[in-house]
Amino acid sequence: GAGAGSPVAPALLVDDASGTLAHLSPGQSPFFEGNIVLASGPATTDMTAVVELDNVLYIGTGDDSGILRYDIASAVWMTPWAGLSDNTVALVTAPSSAGTTSIFAATETQPKVFEMDQSGQVLTTFDGTSGCYPSTSEVVGLAVDQNNVAMSLDSGAFVHFLRT
């Protein structure tokens, strides 16, 4: 039998792995009662970098998950960005020449930094393998401002680009 704390009518919760469950009530009207949002964590255990921009957390990963995005205001996970085809070792934000703020992601396999807008579109690539830098070096530090991109590499080299 049903106890005092039991629901009056049967309920069904359906999950699609997004952290949002559909609340269904079979045999009732309305059948769909709404959504229940559960707290959830990122889809990776290998977080490499985190930066916040305009109430969205951007999380770099080291397991080919792309850049994960979490909308702080809505408390929901957004579609990850998978376009870099490499693990992310650093994330920073800086003003762009267009007057908005860009996201900069340094990748693991080659010392490259990608400037992206808030939709994930790559605007510019700064290639740390240009010149005399070894393509096998990894980025261990990244700093960006409106005029400069600077990365330090595990080989001891320091790479500087003017953004203008």
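Calculation notes
Residues numbered from 1 in each chain as written. Predicted model: local features only at pLDDT ≥ 70, side-chain atom pairs only at ≥ 80, totals over all residues. Heavy atoms only, no water. Pairing = 2+ DSSP bridges. Helix = DSSP H or I, 4+ residues; strand = E, 2+ residues; numbered from the N terminus. Axes fitted to C-alpha atoms, helices over the stretch in contact; angles between N-to-C directions. Buried < 20%, exposed > 50% of the residue type's maximum accessible area, 1.4 Å probe, protein only. Polar contact = N/O pair within 3.5 Å; in protein donor to acceptor, adjacent residues only side chain to side chain. Core = buried A, V, L, I, M, F, W, Y, C linked by side-chain atoms within 4.5 Å. Contact = heavy atoms within 4.5 Å.

Engineer: Is there a simple way to explain the sheet that holds strand S9 (residues 101–107) in this structure?
Structural biologist: The strand order across the open sheet built from 4 strands is S8-S9-S10-S11, with neighbouring strands paired in antiparallel fashion. A single partner strand is all that each edge strand has here, and the edge strands are strand S8 (88–95) and strand S11 (122–127). In this sheet, neighbouring strand axes are inclined to one another by 20 degrees on average, regardless of whether the strands run parallel or antiparallel. Bridge count for strand S10 (residues 112–116) against S11 is 5 bridges, and the pairing is antiparallel. Bridging from a neighbouring strand, valine 113 pairs with phenylalanine 126 of S11.

Engineer: Help me understand the sheet that holds strand S1 (residues 12–15), please; the structure alone is not making it clear to me.
Structural biologist: Strand pairing within a sheet occurs via backbone hydrogen bonds; the two strands may be parallel or antiparallel. The 3 strands are arranged S1-S2-S3 in an open sheet whose pairing can be described as antiparallel. Strands with a single pairing partner mark the edges of an open sheet, and in this sheet they are S1 and strand S3 (32–37). Taken over all neighbouring pairs, the strand axes of this sheet differ in orientation by 30 degrees on average, direction set aside. Sheet topology places S1 next to strand S2 (residues 20–24); 4 bridges connect them, and they run antiparallel. Paired with aspartate 15 across the strands is leucine 21, a residue of S2.

Engineer: Even after reading the chapter, I still don't get the environment of aspartate 54, so can you show me in this structure?
Structural biologist: Tracing the chain through its elements places aspartate 54 in the loop between strand S4 (47–53) and strand S5 (56–61). Taking relative accessible area as the criterion, aspartate 54 reaches 55% and is therefore assigned exposed. Residues aspartate 54 and threonine 109, 55 residues apart in the sequence, show an inter-C-alpha distance of 29 Å. One polar contact links aspartate 54 to glutamine 118, side chain to side chain, over a distance of 3.0 Å.

Engineer: Is there a simple way to explain unusual backbone geometry in this structure?
Structural biologist: Backbone geometry follows two general trends: most residues other than glycine have a negative phi, and most peptide bonds adopt the trans configuration. Following serine 29, the chain continues to proline 30 via a peptide bond in cis, the omega torsion being 5 degrees. Checked against the element boundaries, proline 30 lands in the loop between S2 and S3. With phi around 70 degrees, asparagine 55 is a residue other than glycine that occupies positive phi space. One non-glycine residue with positive phi stands out, namely aspartate 64, at about 65 degrees. The topology assignment puts aspartate 64 in the loop between S5 and strand S6 (67–71). Judged by its relative accessible area of 64%, aspartate 64 falls in the exposed class.

Engineer: Help me out: how do you make sense of the pairing of strand S7 (residues 76–81) in this one?
Structural biologist: Working note: regular strand, side chains alternate between the two faces of the sheet. Pairing of S6 with S7, which is carried by 4 bridges, proceeds in the antiparallel orientation. Paired with aspartate 71 across the two strands is valine 76, which belongs to S7. Counting the residues between successive antiparallel strands, the hairpin from S6 to S7 contains 4 residues, one of them, alanine 75, with a positive phi of roughly 55 degrees.

Engineer: Would you explain the nonpolar core in this entry?
Structural biologist: Looking at soluble globular proteins, one finds that nonpolar side chains tend to be buried together. Formed by 16 residues in total, the largest nonpolar core has its most connected members in Phe104, Val113, Leu142, Val144, Val149 and Met151. When contributions to this core are tallied by element, the ones reaching two or more residues are S8, S9, strand S12 (139–144), strand S13 (148–153) and strand S14 (158–162). When neighbours within four sequence positions are excluded, valine 113 is seen to be in contact with Phe104, Ala105, Ala106, Thr124, Thr125, Phe126, Leu142, Val149 and Met151. The next biggest cluster of nonpolar side chains, apart from the first, holds 13 residues, and it includes Val51, Leu53, Ile67 and Met116.

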